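Residues per chain, in single letters:
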Amino acid sequence: MDEQTDSRIRRSPSRVECEKMIKRILRTEVLEKGRNTQFRNAMDFMNYFESLYPASPGLTKQVQRAVRSLDIPKDERGFFIIDKTGAQMAEENEIRALGEKYHVDATDLNGCETIFLTVPEACRKYLANLLLTSITFSDKLVTIVETGNGLILYTRNRERLMILLQNVLFKDR
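Here the structure is a predicted model, which means the values were calculated and not measured.

Calculation notes
Residues numbered from 1 in each chain as written. Predicted model: local features only at pLDDT ≥ 70, side-chain atom pairs only at ≥ 80, totals over all residues. Heavy atoms only, no water. Helix = DSSP H or I, 4+ residues; strand = E, 2+ residues; numbered from the N terminus. Rg over C-alpha atoms; globule rule 2.2 N^0.38 Å. Buried < 20%, exposed > 50% of the residue type's maximum accessible area, 1.4 Å probe, protein only. Contact = heavy atoms within 4.5 Å. Lys, Arg positive; Asp, Glu negative; His and termini not counted. Charge placed at Lys NZ, Arg CZ, Asp CG, Glu CD. Core = buried A, V, L, I, M, F, W, Y, C linked by side-chain atoms within 4.5 Å. Patch = residues over 30% accessible without salt bridge, like charges linked within 9 Å, V, L, I, M, F, W, Y side chains within 5 Å. Areas by Shrake-Rupley, 256 points an atom, 1.4 Å probe, with all protein chains shown as cover. Salt bridge = Lys/Arg side-chain N within 4 Å of Asp/Glu carboxyl O. Pairing = 2+ DSSP bridges. Phe/Tyr/Trp six-rings, centres within 6.5 Å; stacked < 30°, edge-to-face > 60°. Axes fitted to C-alpha atoms, helices over the stretch in contact; angles between N-to-C directions.

**Notes on the overall build of the chain**
In terms of helices and strands, the chain carries 7 helices and 3 strands. Listing the helices and strands of the chain from first to last along the sequence gives α-α-α-α-α-β-α-β-β-α. Here the C-alpha atoms of the chain give a radius of gyration of 29 Å, more than 25% beyond the 16 Å that 2.2 N^0.38 yields for 173 residues. Here the chain holds 173 residues, and the buried ones make up 30% of them. Taking the intrachain contacts of the chain between residues at least 6 apart in sequence as the baseline, contacts between residues at least 24 apart amount to 57%. Averaged over its 27 positive side-chain charges, the chain has a centre that lies 1 Å from the centre of its 25 negative ones.

Here is the structure:
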């Protein structure tokens, strides 16, 4: 081994090189196990780096700098999460907190049928609110979406809603 090759092997990696390796390690961990179950802090990466480079305080500091620079968020158990930024995790946590606070639920609209009502803009919001809060209509509607020239009603029983609309909205026509 010549002197130049020996110096390349022995020098500590740059912070950028460490960042790339840390990302690769975390991606591999997620691909193999489905999630990161091993890496919580910079020291957890040291076995890997020390297998490639001589152990030194400089190597440890470089790995610590790389982890700090990556600003990798952690899950609720304290393990690093790859491919998400701290800002993304903060957004997700805020969405989760709102969902829990207000008991948000998801409804699949695939089984719904739609009815379109042409409604003037002047009363569109008011009519939508009346229909959604009405004792008569509330159990027949899943949701209402305002459009540029009316309302789209989503329902699981189109026939019953159409009969009800005919009797209430269009009774005198």
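The discussion continues.
**Describing the nonpolar core**
Ile22, Leu26, Phe45, Phe49, Val63 and Phe80 are the most contacted members of the largest nonpolar core, which totals 19 residues. If we ignore the near neighbours within four places in the chain, the residues touching Phe49 are Pro13, Cys18, Met21, Ile22, Ile25, Leu59 and Val63. Counting residues in each nonpolar core, the second largest holds 14 residues, with Leu117, Leu141, Leu151 and Leu165 among its members.

**Examining a nonpolar patch on the surface**
Judged by side-chain polarity, Leu98, Tyr102 and Val104 come together as a nonpolar surface patch covering roughly 340 Å² of accessible area. On the basis of relative accessibility, which here comes to 62%, the residue Val104 falls in the exposed class.

**Some remarks on the pairing of strand 3 (residues 150–155)**
Of all 6 residues making up strand 3, 5 are buried, and the element is well covered by its neighbours. Strand direction decides the pairing type here: strand 1 (residues 113–118) and strand 3, joined by 6 bridges, are antiparallel. Each residue of the ladder has a partner; that of Thr114, found in strand 3, is Tyr154. Strand direction decides the pairing type here: strand 2 (residues 143–146) and strand 3, joined by 4 bridges, are antiparallel. Among the inter-strand pairings, Glu146 is bridged to a residue of strand 3, identified as Leu151. The turn linking strand 2 back onto strand 3 is made up of 3 residues.

**Quick look at the pattern of salt bridges**
In this structure the tally under the stated criterion is 5 salt bridges. Across the salt bridge formed by Glu19 and Arg15, the nearest N and O atoms sit 2.3 Å from each other. Linking Glu19 with Arg15, this pair stays in helix 2 (residues 15–33), spanning 4 residues, or about one helical turn. Residue Lys140 pairs with Asp139 through a salt bridge whose shortest N-O separation is 2.8 Å. Judged by its relative accessible area of 17%, Lys140 is buried.

**Considering the packing of aromatic side chains**
One pass over the structure, following the stated rule, counts 3 aromatic pairs. Judged by centre distance (4.5 Å) and plane angle (10 degrees), the ring pair of Phe39 and Phe45 falls under stacked. Of the two residues, Phe39 and Phe45, both sit in the buried class. Here the aromatic rings of Tyr48 and Phe49 are separated by 5.7 Å at their centres, their planes lie at 85 degrees, and the arrangement is edge-to-face.

**A word on the sheet that holds strand 3**
With respect to topology, 3 strands assemble into an open sheet ordered 1-3-2, the strand pairing being antiparallel. Two strands close off the open sheet at either side, each with one partner strand: strand 1 and strand 2. Between one strand axis and the next, the sheet turns by 25 degrees as a mean value, whatever way the strands run. Strands strand 1, strand 2 and strand 3 of the sheet are contacted by helix 6 (residues 121–133), whose axis makes an angle of about 175 degrees with strand 2. Across the sheet, helix 7 (residues 158–168) lies against strand 1 and strand 3, angled at about 20 degrees from strand 1, the strand it touches most.

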